[in-house]
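As a plain string of letters, each chain reads:
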Amino acid sequence: MARTLDLAARPAAGANPRTATSHAKVGIVAAIVGLMVVAITTIGNLVIADSSPVLASQLAWPFGLGTTGLGVMKIGVAVVLIGIIVRLWYRVDSVTQALTAIVGDAARQPTSPTTISTDIGPAKVSANPPPPLLIHRMARALWLPMLAMGAMALVIGLIVGLAASGQAADSAAFRGLSAWAQGTLFLGEGLLLSGISFLLGSILAGLREGGGEVQAALGAPVKTLTMPTSAKAFIALMAVGMMAAIGQFIGYAVVATQYAGNAAVFATNAAWLGPLREVALGVLLSGIVLALYTISRVLGFQFTRIRELITTAA
């Protein structure tokens, strides 16, 4: 796994693009393990449901284990995305070499910085590759801390959930521990989705930077797609989703420490936290959808630009 994470950065210059990496295999294994965990919790829930009476404390461990299984599957997604980043940079080097062989590398004077209209959207023309945006620098710096904190939160939440399952279902201890477990588990899920979002942001950063490098290497004007509205919405949804995930954790912490001794008040105050945690994950997933859509638009723009370079050499 450590070797996989080391490869999240750009491969060394001259690296063989055919070099095999373990990202896909590790990601698939993580997905299978997560699916098996979820299957185990499903069986556990069915066994518990067949017993009488069904106690809330009996459902605590399947809830924690199932949520953790979903987190493991998200880690698998993240590892696969890391592999895509590595392959992206191999692609940049390969395309640069191929285009140089086709159109040559004679120096050409670029036009003055300006904004143009394309079929994909507005783009900027400059002499050099564009510098990384603040959000791109943040994405490259924060994806790993987010994934690490998310994994730790899931482990802590699972342990607390197991502790809750050993308490009497109608006790203050059970209510407090179960609230802490739910808030921590879904904070972990939110952090994992934020890590995935930052990896997608890193892919967008690589496409932007790598596309500029390819054009500059040919001496051509560097045309860069301006940030689409979908990318701006992706950033906004990621921020809102993460704030909601943190908010539900704080809410569960307050409920666990202030109202665990009163069952009726506890239930009333905890009722709105379940929907909030689901909304947090839904908003983060909506942002991920927009990030993937933005990646498709950027790839379309770069394909058009490559064709333009081949046909017009400018």
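For clarity, every value in this text was computed on a predicted model and none was experimentally measured. (Residues numbered from 1 in each chain as written. Predicted model: local features only at pLDDT ≥ 70, side-chain atom pairs only at ≥ 80, totals over all residues. Heavy atoms only, no water.)

(A) Examining the overall build of the protein chain more closely. For the protein chain, the helix and strand inventory stands at eight helices and three strands. Going from N to C terminus, the protein chain has its helices and strands arranged as α-α-α-β-β-α-α-β-α-α-α. Each of the three principal axes of the protein chain carries a C-alpha extent, and together these read 80 × 35 × 25 Å. Within the span of the protein chain, comprising 314 residues, buried residues form 43% of the whole. A sequence separation of at least 24 residues applies to 84% of the contacts in the protein chain between residues at least 6 apart. With an accessible surface of roughly 15,100 Å², the protein chain has 70% of that area assigned to carbon and sulfur atoms. Between the averaged position of the 19 positive side-chain charges in the protein chain and that of its 11 negative side-chain charges there is a distance of 7 Å. (Helix = DSSP H or I, 4+ residues; strand = E, 2+ residues; numbered from the N terminus. Buried < 20%, exposed > 50% of the residue type's maximum accessible area, 1.4 Å probe, protein only. Contact = heavy atoms within 4.5 Å. Areas by Shrake-Rupley, 256 points an atom, 1.4 Å probe, with all protein chains shown as cover. Lys, Arg positive; Asp, Glu negative; His and termini not counted. Charge placed at Lys NZ, Arg CZ, Asp CG, Glu CD.)

(B) Summary view of the pairing of strand β2 (residues 122-126). Summarising the sheet, strand β1 (residues 114-117) and β2 pair through four bridges and their orientation is antiparallel. What sits directly across from Ser117, in β2, is Pro122. Counted between consecutive antiparallel strands, the loop separating β1 from β2 contains four residues, among which Gly121 sits at a positive phi close to 155 degrees. In this structure, β2 lies alongside strand β3 (residues 222-225), joined through four bridges in antiparallel fashion. Within β3, the position partnered with Ser126 by the bridge is Val222. (Pairing = 2+ DSSP bridges.)

(C) Structural view of the packing of helix α6 (residues 229-258) against helix α8 (residues 273-312). The N-to-C vectors of α6 and α8 enclose an angle of 160 degrees; their axes lie 8 Å apart at closest approach. Our classification of the angle between α6 and α8 gives roughly antiparallel. As for the relative orientation of α6 and α8, their crossing is left-handed in sense. Classifying every residue of the contact of α6 with α8 gives 20 nonpolar, nine polar and two charged. (Axes fitted to C-alpha atoms, helices over the stretch in contact; angles between N-to-C directions. Parallel < 35°, antiparallel > 145°, perpendicular 65-115°, else oblique. Left-handed = near helix turned anticlockwise from the far one by under 90°. Nonpolar A, V, L, I, M, F, W, Y, C, P; charged D, E, K, R; others polar.)

(D) Structural detail: the packing of aromatic side chains. Taken as a whole and judged by the stated rule, the model has two aromatic pairs. With centroids separated by 6.0 Å and ring planes inclined at 35 degrees, the aromatic side chains of Phe63 and Phe186 adopt a geometry described as tilted. Here the residue Phe63 occupies a position in helix α3 (residues 60-103), and Phe186 occupies one in helix α5 (residues 172-217), the gap between them amounting to 123 residues. A relative accessible area of 30% means that Phe63 is categorised as partly exposed. The exposure class of Phe186 is buried, given its relative accessible area of 7%. (Phe/Tyr/Trp six-rings, centres within 6.5 Å; stacked < 30°, edge-to-face > 60°.)

(E) Here's a closer look at helix α2 (residues 23-49). Between the first and last C-alpha of α2 there are 39 Å, a value that for 27 residues agrees with the 39 Å anticipated at 1.5 Å per step. Taken as a whole, α2 has its buried residues at His23, Gly27, Ala30, Gly34, Val37, Thr41, Gly44 and Ile48. (Expected span 1.5 Å × (residues − 1).)

(F) Spatial organisation of the nonpolar core. Judged by nonpolar contacts, the single largest core of 46 residues is most densely connected at Ile196, Leu199, Leu200 and Ile203. Residue assignment for this core shows that the elements contributing at least two residues are α3, α4 (134-165), α5, α6 and α8. Sorting elements by how many residues they give to this core places α5 first, with 14 residues. With residues near it in sequence (within four places) discarded, Ile196 still touches Lys74, Val77, Ala78, Leu81, Leu147 and Ile288. One finds Tyr252, Ala256, Phe266 and Leu273 within the second-largest nonpolar core, a separate group that totals seven residues. (Core = buried A, V, L, I, M, F, W, Y, C linked by side-chain atoms within 4.5 Å.)

(G) Examining the environment of Ala260 more closely. Position of Ala260 among the secondary structure elements: in the loop between α6 and α7 (263-270). A residue is classified by how much of its surface remains accessible, and Ala260, at 9% relative accessible area, is buried. Note: C-alpha distance between Ala260 and Phe174 (86 residues apart in sequence) is 8.3 Å. Contact partners of Ala260, with chain neighbours within four places excluded, come to Ala172, Arg175, Gly176, Val255 and Phe266.

(H) Spatial organisation of the sheet that holds β1. Pairing in this open sheet of three strands is antiparallel, and the strands run β1-β2-β3 from one edge to the other. Either end of the sheet is taken by a strand with one partner, and the two such strands are β1 and β3. Taken over all neighbouring pairs, the strand axes of this sheet differ in orientation by 35 degrees on average, direction set aside. Contacting β2 and β3, α8 crosses the sheet at an angle of about 160 degrees to β3.

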